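Notes for the structure review
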Amino acid sequence: MGQAKIYYDSDADLGVLSNKKIVFLGFGNQGSAQAQNLRDSGIPNDQILIANRVDSYAETAKAKGFHVEHDFAAAAAIADVLFILIPDQVQPGVFNEQFSPKMKNNATIVVASGYNVFFNLLKFRPGQDVVMVAPRMIGSSVRSLHEKGHGFPCFVSVEQNGTGKGLDIALALSRAIGATKQGAIASSVREETAMDLFAEQALWPNIIMMFREAFNVLKDAGCSDEALCYEMWMSKEPAEIFERAADDGFVAQLKHHSTVSQYGQLSGSLKLGGEAMREHFKDILYNQILNGKFCKAFSQIEDDLEKEGDANPLNELYRRSEEMELVKAEKRVKARLAGLL
Ligand code: NDP
């Protein structure tokens, strides 16, 4: 709790990476951005290896001048540093079966999200470092901000310090990918996972529910589909409010609204005590996320998410969500705008 340490370029020494072979498993959103940033920071191309199956990602890496290895066992054996930058759901299978058995006992393994480490889904050896360098940006922004000479927000942590030099290596890697320019925030896989899953399982479900119910009440009160869709989200006003909140302050941005609006929002929110919501949130955080209940349940349906049609549980959730009046109204409005009605 309290203030997190923030690491800057001056806290990191790129020298600790000299002669280390740095392998990127994956050349997708994050892999392509981080590998290019790292090379631009002066890490020689011969020290970098992209491990990727034979396909268009591998071709893109080759076209950008990187060395590419399709044989994962060979890549694992030479890695002093391994960035795991493939989708989270395939990491345990690929890493545990194809990388872990061949890796050096003193290698540094880097993850860009906390989930698989926090829930112990990846197999590491005691002498290895396990660090998190987790940009808070999509890959294209990680690359474009670095190209413009800017940094990007990022979390950094050492989860297992097998070599005793885990933090030095994590900070050097953070600097090399451009993450300490703006300041990398000391965090942990627990914190990153808790916040990520909480937003996904507590905050946004409630926001979706509130929009759904607000829509239903206002529609029953006689408001039109068109007026409601534009008032509530299609005008992009909510996006603008969040942008101003990031720039001016969460509450200070209210000053851009009318006096009636400011009074309504401030008095209304202060009137809502939030005790029931706080208990509901705590229940989700402790009894669904941090205790591993969600992770266990998700692992049981994970394979079904690759299936087609009704056998895929996500399709069923989409089908039910599309029953919301808000979604039906939006479709009508968009069709009308497109001149189809
Ligand atoms: P991508 O979906 O872009 O990953 C694509 C890469 O993964 C390709 O190289 C692809 O190559 C490879 N890949 C996919 N499936 C497999 C498989 N079964 N075996 C081997 N390689 C595979 O991933 P992201 O960059 O989006 O995410 C990487 C990590 O970064 C994750 O941990 C994510 O949570 C984290 N992260 C992502 C952010 C984002 O903006 N997307 C933001 C911050 C963190 P091929 O198909 O050829 O095998």
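Residues numbered from 1 in each chain as written. Predicted model: local features only at pLDDT ≥ 70, side-chain atom pairs only at ≥ 80, totals over all residues. Heavy atoms only, no water.

1. Examining the environment of N45
- By the secondary structure assignment, N45 is in the loop between helix 1 (29–40) and strand 3 (48–51).
- The class of N45 is partly exposed, set by a relative accessible area of 21%.
- Leaving out residues up to four positions away in the same chain, N45 has contacts with R39, G65, F66 and H67. (Helix = DSSP H or I, 4+ residues; strand = E, 2+ residues; numbered from the N terminus. Buried < 20%, exposed > 50% of the residue type's maximum accessible area, 1.4 Å probe, protein only. Contact = heavy atoms within 4.5 Å.)

2. So, the pairing of strand 5 (residues 81–84)
- Both faces of strand 5 are covered, namely the face carrying V81 and F83 and the face carrying L82 and I84.
- As paired strands, strand 2 (residues 22–25) and strand 5 are joined by four bridges and run parallel to one another. Counterpart to I22 in the pairing with strand 5 is V81.
- Here strand 5 runs beside strand 6 (residues 108–111); their pairing, made up of four bridges, is parallel. Note that in strand 6 the partner of L82 across the bridge is I109.
- Between strand 5 and its parallel partner strand 6, the chain crosses via helix 4 (residues 91–99), and the hand of that crossover is right-handed. (Pairing = 2+ DSSP bridges. Right-handed = clockwise from strand over helix to strand, strands pointing away.)

3. Quick word on the packing of aromatic side chains
- The tally for this structure, following the rule as stated, stands at nine aromatic pairs.
- On the numbers, 5.6 Å between centres and 65° between planes, the contact of F27 with F66 is edge-to-face. Of this pair, F27 sits in the loop between strand 2 and helix 1 while F66 sits in the loop between helix 2 (56–63) and strand 4 (67–69); the two residues are 39 residues apart in sequence, bridging distant segments of the chain.
- Classification of F27 as buried rests on a relative accessible area of 3%. (Phe/Tyr/Trp six-rings, centres within 6.5 Å; stacked < 30°, edge-to-face > 60°.)

4. Description of the site of the ligand
- Close to the ligand lie 23 residues; F27, N52, R53, D55 and D88 are nearest.
- For the ligand, an oxygen atom lies 2.6 Å from a polar atom in the side chain of R53.
- Between the ligand and D88 there is a distance of 2.6 Å, counted from an oxygen atom to a side-chain nitrogen or oxygen.
- Burial of the ligand by the protein chains amounts to 81% of its free accessible area of 880 Å².
- Each residue belonging to the shell around the ligand can be placed in one class, and the counts come to twelve nonpolar, eight polar and three charged. (Near = heavy atom within 4 Å. Polar contact = N/O pair within 3.5 Å; in protein donor to acceptor, adjacent residues only side chain to side chain. Areas by Shrake-Rupley, 256 points an atom, 1.4 Å probe, with all protein chains shown as cover. Nonpolar A, V, L, I, M, F, W, Y, C, P; charged D, E, K, R; others polar.)

5. Overview of the domain arrangement of the protein chain
- Considered domain by domain, the protein chain is made up of domain 1 (6–187) and domain 2 (192–336).
- Listed per partner, the contact involves eleven residues of domain 1 and twelve residues of domain 2.
- For the domain 1 and domain 2 pair, buried surface summed over both sides reaches about 900 Å², with 64% attributable to carbon and sulfur atoms.
- Counting the surface domain 1 buries against domain 2, the share from its top three residues, Y115, F118 and F119, is 53%.
- The interface formed by domain 1 and domain 2 holds two salt bridges in total.
- A salt bridge links E192 to R136; its shortest N-O distance comes to 3.3 Å.
- Where domain 1 packs against domain 2, one counts three residue pairs in polar contact (both at pLDDT 80 or more).
- Looking at side-chain class alone, the side of domain 1 that touches domain 2 contains six nonpolar, four polar and one charged residues. (Domains from an automatic or database assignment. Buried area = accessible area lost by both parts, 1.4 Å probe. Salt bridge = Lys/Arg side-chain N within 4 Å of Asp/Glu carboxyl O.)

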